[in-house]
Amino acid sequence: MMKTNTMKNSMLLLLTATIWGVAFVAQSVGMDYVGPFTFNAVRFLMGGTVLLPFLIWKSRKQYKDETVEEKKARYRVTFLGGVCCGCALCTASLLQQMGIRYTTVAKAGFITALYIIIVPILGLFFHRKVRRRIWIGVALAVFGMYLLCIKESFAVSKGDFFVFLCAIVFSVHILVIDFFSPKADGVALSCIQFYTSSVICGIGTFLLEKPSFQAMLAGWMPILYAGILSCGVAYTLQIIGQKGMDPTVASLILSLESVISLIAGWILLGQALSLKEICGCVLVFIAIVLVQLPQKK
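Here is what the cut-offs are and how they apply
- Residues numbered from 1 in each chain as written.
- Predicted model: local features only at pLDDT ≥ 70, side-chain atom pairs only at ≥ 80, totals over all residues.
- Heavy atoms only, no water.
- Helix = DSSP H or I, 4+ residues; strand = E, 2+ residues; numbered from the N terminus.
- Rg over C-alpha atoms; globule rule 2.2 N^0.38 Å.
- Buried < 20%, exposed > 50% of the residue type's maximum accessible area, 1.4 Å probe, protein only.
- Contact = heavy atoms within 4.5 Å.
- Areas by Shrake-Rupley, 256 points an atom, 1.4 Å probe, with all protein chains shown as cover.
- Lys, Arg positive; Asp, Glu negative; His and termini not counted.
- Charge placed at Lys NZ, Arg CZ, Asp CG, Glu CD.
- Axes fitted to C-alpha atoms, helices over the stretch in contact; angles between N-to-C directions.
- Parallel < 35°, antiparallel > 145°, perpendicular 65-115°, else oblique.
- Nonpolar A, V, L, I, M, F, W, Y, C, P; charged D, E, K, R; others polar.
- pLDDT = per-residue confidence, 0-100.
- Patch = residues over 30% accessible without salt bridge, like charges linked within 9 Å, V, L, I, M, F, W, Y side chains within 5 Å.
- Salt bridge = Lys/Arg side-chain N within 4 Å of Asp/Glu carboxyl O.
- Core = buried A, V, L, I, M, F, W, Y, C linked by side-chain atoms within 4.5 Å.
- Phe/Tyr/Trp six-rings, centres within 6.5 Å; stacked < 30°, edge-to-face > 60°.
- Lys NZ or Arg CZ within 6 Å of the ring centre and 35° of its normal.
- Disulfide = S-S within 2.5 Å.

*Asks:* Got a minute to help me understand the overall build of the protein chain in this structure?
*Replies:* Helix and strand counts for the protein chain come out as 13 helices and zero strands. In the protein chain, the succession of helices and strands from N to C terminus is α-α-α-α-α-α-α-α-α-α-α-α-α. Relative to the 2.2 N^0.38 estimate, which gives 19 Å for 297 residues, the radius of gyration of the protein chain is 19 Å and therefore close to what a compact globule would have. Dimensions of the protein chain along its principal axes, counting C-alpha atoms only, are 65 × 60 × 40 Å. Here the protein chain holds 297 residues, and 51% of them are scored as buried. Counting only contacts in the protein chain whose residues sit at least 6 apart along the sequence, the fraction spanning at least 24 positions is 90%. Put simply, the protein chain shows about 15,400 Å² of open surface, and 72% of that area lies on carbon and sulfur atoms. Taken as two groups, the 26 positive and 13 negative side-chain charges of the protein chain have centres that lie 5 Å from each other.

*Asks:* Looking at this structure, I do not really get the packing of helix α5 (residues 115-122) against helix α13 (residues 275-292). What am I missing?
*Replies:* The relative placement of two packed helices comes down to the angle between their axes together with the axis-to-axis distance. It is the contact of α5 with α13, at a shortest axis distance of 9 Å, that shows an interaxial angle of 50°. By the angle between their axes, α5 is oblique relative to α13. Here I116, I117 and P120 of α5 lie close against α13, whose contacting residues are A287, I288, V291 and Q292. For the contact of α5 with α13, the per-class residue count stands at six nonpolar, one polar and no charged.

*Asks:* Explanation requested: the confidence of the model for the protein chain in the structure shown.
*Replies:* Should the pLDDT be low somewhere, the predicted coordinates at that spot are not to be read in detail. Confidence in the prediction for the protein chain averages 84 pLDDT; 93% of positions are at 70 or higher. Of all helices and strands in the protein chain, the one with the weakest mean pLDDT is helix α11 (residues 247-254) (74), whereas helix α8 (residues 186-208) scores best (91).

*Asks:* Looking at this structure, I do not really get a nonpolar patch on the surface. What am I missing?
*Replies:* Judged by side-chain polarity, W220, M221, L224, I228 and L229 come together as a nonpolar surface patch covering roughly 450 Å² of accessible area. Topologically, L224 is positioned in helix α10 (residues 220-242). Taking relative accessible area as the criterion, L224 reaches 34% and is therefore assigned partly exposed.

*Asks:* It is not clear to me how the side chain of S171 should be interpreted in this structure. Could you clarify?
*Replies:* With respect to the helices, strands and loops of the structure, S171 is situated in helix α7 (residues 158-180). Here S171 falls in the buried class, since its relative accessible area comes to 0%. Once residues lying within four places of it in the same chain are set aside, the contact partners of S171 are Y115, I118, V119 and L122.

*Asks:* Is there a simple way to think about the nonpolar core in this case?
*Replies:* One broad rule of soluble globular proteins: the nonpolar side chains tend to lie buried together. Judged by nonpolar contacts, the single largest core of 33 residues is most densely connected at I111, L114 and I117. Of all elements in the fold, only α1 (2-30), α4 (105-112), α5, α6 (132-149), α7 and α13 reach the threshold of two or more residues within this core. Apart from residues lying up to four places away in sequence, L114 is in contact with A141, M145, F164, A167 and V284. In this structure, L55, C166, F170 and F194 belong to the second largest nonpolar core, which totals 16 residues.

*Asks:* Sorry, what's going on with the environment of A167 here?
*Replies:* Considering the arrangement of structural elements, one finds A167 in helix α7. Judged by its relative accessible area of 0%, A167 is buried. In this structure the C-alpha to C-alpha distance between A167 and R128, which are 39 residues apart in sequence, comes to 20 Å. Leaving out residues up to four positions away in the same chain, A167 has contacts with I111, T112, L114, Y115 and I118.

*Asks:* For this particular structure, what's the right way to read the pattern of salt bridges?
*Replies:* Opposite charge on two side chains lets them pair, provided their charged atoms get close. Under the counting rule described, the total for this entry stands at two salt bridges. In this structure, K107 and D160 form a salt bridge, with 3.6 Å as the shortest nitrogen-oxygen distance. Within this pair, whereas K107 is found in helix α4, its partner D160 is found in helix α7, the two being separated by 53 residues in sequence. Taking the relative accessible area as the measure of exposure, D160 reaches 2% and is therefore buried.

*Asks:* What exactly am I supposed to notice about the packing of aromatic side chains here?
*Replies:* For any two aromatic rings, the description comes down to two numbers: the centre-to-centre distance and the angle of the planes. Within this structure, the stated rule accounts for four aromatic pairs. When the ring of F143 is compared with that of Y146, the centres are 6.4 Å apart and the planes differ by 10°; the resulting orientation is stacked. Remark: Y146 and F143 occur in helix α6; sequence separation between them is three residues, near one turn of the helix. Seen in terms of ring centroids, F179 and F180 are 5.0 Å apart; in terms of plane orientation they differ by 90°. Their pairing is edge-to-face. A cation over an aromatic ring shows up here: K158 above the ring of Y102, its NZ or CZ 4.3 Å from the ring centre. Across the ring face of F179, the terminal group of K183 is positioned such that the distance to the ring centre comes to 3.9 Å.

*Asks:* Please explain the environment of I223 as it appears in this structure.
*Replies:* Position of I223 among the secondary structure elements: in helix α10. In the structure, I223 is positioned 141 residues away from G82 in sequence and 23 Å away in space, judged by C-alpha atoms. In this structure I223 touches V34, F39, V42, R43, M46 and M216, once residues within four positions along its chain are discounted.

*Asks:* What am I meant to see in the state of the cysteines here?
*Replies:* Formally, a disulfide is one covalent bond, and it connects the sulfur atom of one cysteine to the sulfur atom of another. Under the counting rule described, the total for this entry stands at zero disulfides. Looking at the unpaired C85, the closest cysteine sulfur is the one in C84, lying at 6.9 Å. For C85, a relative accessible area of 0% corresponds to the buried category.

Shown next as structure tokens:
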């Protein structure tokens, strides 16, 4: 029975990684119709709305015996955490969206996945010990990034630079979640962060872009995919799939998102990589897996 549950959870996490990997294609195609602020405003609004029924059901089931004071304290920390996470998520997603406009889906997937390596490095500022294996992973990732991004003229493309900044901000986003998640409800935190991101991007839409309902209708498929599947459904699948799973195994399965983005970009958009770029992807992926492996006792 235990083996069956583990297999089922693994398949759910693999499905999550697949949805997120293909989402890079949706984000790339979506930019043909609307600007980055408009795309993110609509998709995060959808993502938050899709999570609402799950949140209401979970709250009724999990917190029915809570006192009024406990409820107020939980609401307070969840709202504050959701807003902070939303600001970080909004910034990272906008950088990613702007980067995807100027780079390939495969590159965007692998560069974004660097947050797995950046997070423990940022932990140094919080006096957290960094294992030797992580430094080896950093060295591999740096060389992989060189092969993946640096052209013959030793220049980095604008898109790759934006996506790398996105990976750094996503790392900050993870640390913010790490701070608030023990004190707040995970689904509520995610729901609030989606709505916060949507409001900020919505303001940017009306200030910096010219939103068109016709353009949104024309790009309904990538927007719908990124909003409902990538934000709402995939997050819910991740929560269900990670329950009772070894966190290391879960993170390894989810990191396949970067590999799936490469395959999806090649099949759906015909974005083939050179041998040098593929070698860079392989090195980055080895670094990501190496960082996530548990330390031997």
